Amino acid sequence: MTAEVVAKPKTTDREDIAKRLLRGSAKASFDPLVEIDWDAPVDPDMWAIRPERISLYGTHLWNQLSDGKRKELSRLEVASVATIGIWFETILMQMLVRHAYHNDPTSLHVQYAYTEIADECRHTVMFAKMVQKLGWEAHRLDPVTFHLGRVFKAIAHGPLIFAGALFVEEVLDQLQREAVPDEQILPLVRSVARIHVTEEARHMRYAREEFQRDWPERGALNKAYSRIVLGLVTYYSATRLINPKVYAQVGLDPKEAYRVARANPHWVETKTWAARKVVGTLDTAGAITGLGRYFWKKAGLLGR
């Protein structure tokens, strides 16, 4: 059983933290259009992610694929994850604008929100260009997920905004941190990861602090509602990371491959590993309980 014990930052810390984050942004922000060589060819003999992180790794379908097809699948899966990143960062930008709308624009806290929005604009362009270079097309999400995103960005309030942001950012961050120093990974993917990891570290600090400040102030009914909505958002985000169309592109039956991947203990372990930090933060706060916890578990984010 989890206890709702959260170290609540003092209100005065909000401006101090924003001041430090703004200072960090001034020192280390990047323009991906300038920093990354987008004309460099993509080497088909390199991986886009460590093979053990690929959804079919260790399965009988993996054994059927040639080395070249495995590496192609790695590129397609990274591109698919990036399209989910674009989807959620677009949602996040809209939620941050709404958050800023209800707060004082002269505060450093809101000024950092605007700074993060600018970062996320660059990230979405960066991800979109990487998706194209990796040989993938951005397919529209299934109707349920697409409309859930529309509802979530419209109704999410303080702790839901920042808990949802923290989940997506932490999962991507773990995968990208692993890729940055790995010389078997494509230079393009490593360059994108390096920029994203640097800037997202500030975004995660901002989200974590705001969640921990706001969550304890919410009533029991509000928290119960938030746990369910957060569970649904994490479930649909985690189960849509890999679009089944990637399997068809490497010559596999997409329905069979999707079923095999979903049951693959290696893939479940990867998702659990990638989500472990945000699960620790939110579980300690009591934000992953009841029906909401069921969705986290069903998505493979809490292990087996």
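What counts and how
Residues numbered from 1 in each chain as written. Predicted model: local features only at pLDDT ≥ 70, side-chain atom pairs only at ≥ 80, totals over all residues. Heavy atoms only, no water. Helix = DSSP H or I, 4+ residues; strand = E, 2+ residues; numbered from the N terminus. Rg over C-alpha atoms; globule rule 2.2 N^0.38 Å. Buried < 20%, exposed > 50% of the residue type's maximum accessible area, 1.4 Å probe, protein only. Core = buried A, V, L, I, M, F, W, Y, C linked by side-chain atoms within 4.5 Å. Contact = heavy atoms within 4.5 Å. Polar contact = N/O pair within 3.5 Å; in protein donor to acceptor, adjacent residues only side chain to side chain. Bend = angle between axes of the 7 residues up to and from the residue.

### A word on the overall build of the protein
Alright, step 1. From N to C terminus, the protein includes 13 helices and 0 strands.
Alright, step 2. The C-alpha radius of gyration of the protein comes to 19 Å, within 12% of the 19 Å expected for a compact globule of 304 residues.
Alright, step 3. The principal-axis extents of the C-alpha atoms in the protein amount to approximately 55 × 45 × 30 Å.
Alright, step 4. Expressed as a percentage of its 304 residues, the buried residues of the protein come to 53%.

### Thoughts on the nonpolar core
Alright, step 1. Leu-56, Met-130, Phe-152, Phe-167, Tyr-247, Leu-282 and Trp-296 are the most contacted members of the largest nonpolar core, which has 92 residues in total.
Alright, step 2. Ranked by the residues each element gives to this core, the list is headed by helix H4 (residues 67-101), at 14 residues.
Alright, step 3. Beyond its immediate stretch of four places on either side in the chain, Leu-56 contacts Leu-61, Trp-62, Leu-73, Tyr-247, Leu-252, Ala-257, Val-260, Ala-261 and Asn-264.

### Brief notes about the environment of His-99
Alright, step 1. By the secondary structure assignment, His-99 is in helix H4.
Alright, step 2. With 62 residues separating them in the primary sequence, His-99 and Ile-161 have C-alpha atoms 8.7 Å apart.
Alright, step 3. If we skip the residues at most four places from it in the chain, His-99 touches Arg-14, His-109, Phe-162, Tyr-206 and Glu-210.
Alright, step 4. For His-99, the side chain forms a polar contact with the side chain of His-109, separated by 2.9 Å.

### Observations concerning the environment of Trp-62
Alright, step 1. You can see Trp-62 is positioned in helix H3 (residues 60-64).
Alright, step 2. Spatially, the C-alpha atoms of Trp-62 and Arg-276 are 26 Å apart, while their sequence positions differ by 214 residues.
Alright, step 3. Excluding its chain neighbours within four sequence positions, the residues that come into contact with Trp-62 are Trp-47, Pro-51, Ile-54, Leu-56, Tyr-57 and Arg-70.

### A word on helix H12 (residues 265-284)
Alright, step 1. Roughly 55° is the biggest bend found in H12, and it falls at Arg-276.
Alright, step 2. Burial in H12 covers these residues: Trp-267, Val-268, Thr-270, Lys-271, Ala-274, Ala-275, Val-278, Val-279, Thr-281, Leu-282 and Asp-283.
Alright, step 3. Where the residues of H12 are buried, they touch helix H7 (158-179), helix H8 (187-214), helix H9 (220-238), helix H11 (254-263) and helix H13 (290-298).
Alright, step 4. In the segment just after H12, Gly-286 is the residue with positive phi, at about 85°.

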